[in-house]
Amino acid sequence: MKIQKIEQTGTLPAENDFIFSDKTVQGAKVGKKDNFLFVRSPRRYKLYTDGCDQVTFLEGSGHFKWARGETPFAAGECFLAESCGEYEINGACAFVVARRP
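Residues numbered from 1 in each chain as written. Predicted model: local features only at pLDDT ≥ 70, side-chain atom pairs only at ≥ 80, totals over all residues. Heavy atoms only, no water.

1. Points about the overall build of the protein
Within the protein one finds zero helices and ten strands. For the protein, the C-alpha radius of gyration of 12 Å lies close to 13 Å, the compact-globule estimate for 101 residues. Counting only C-alpha atoms and orienting by the principal axes, one finds that the protein spans roughly 35 × 25 × 25 Å. The 101 residues of the protein split such that 43% are buried. Across the protein, every contact between residues at least 6 apart in sequence was considered, and the portion connecting residues at least 24 apart equals 63%. Total accessible area on the protein stands at roughly 5,600 Å², and carbon and sulfur atoms take up 49% of it. (Helix = DSSP H or I, 4+ residues; strand = E, 2+ residues; numbered from the N terminus. Rg over C-alpha atoms; globule rule 2.2 N^0.38 Å. Buried < 20%, exposed > 50% of the residue type's maximum accessible area, 1.4 Å probe, protein only. Contact = heavy atoms within 4.5 Å. Areas by Shrake-Rupley, 256 points an atom, 1.4 Å probe, with all protein chains shown as cover.)

2. Some remarks on the pattern of salt bridges
Counted according to the given criterion, the structure contains eight salt bridges. Salt-bridge contacts for D34 lead to K33; the nearest nitrogen and oxygen are separated by 3.5 Å. For D34, a relative accessible area of 71% translates into the label exposed. On the accessibility criterion, K33 (28% relative accessible area) is partly exposed. For E88, the salt bridge goes to R44, with nearest N and O atoms at 3.9 Å. With E88 in strand β9 (residues 85-90) and R44 in strand β5 (residues 44-49), the pair connects residues that are 44 residues apart, well separated along the chain. (Salt bridge = Lys/Arg side-chain N within 4 Å of Asp/Glu carboxyl O.)

What follows is the structure in C-alpha cells.
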C-alpha cells in the first residue's frame, strides 16, 4: 500500500485519442482508451485501485489524499499508486491514469 513518485515510463496517448463521455463524472471531464483514463478535474477526483495505477500529471498541481496521509504533486510529475484502495486527487489538474492489474 503506497503512493510514490516515479519516473514516467512508456508513451501516453494524446488527449484527442480518448473517447469522452458527454456527461461529467465527479464534476470532471473523463475519457477512456484501452487501460488508460484521462481526467480533467476542476477540484477533486476519487479513484480506487487494488492493483497498480501510474498517474501522470499533465497540468495543474495539488495533492493526493489517501489512508496514509497526503502527497503533493505538480504538472510533469508521475506517481505509482499501488494497492492503496481509495485515493483522491485534489486540485485543478489534468492527468492520465495507466491502470494495471
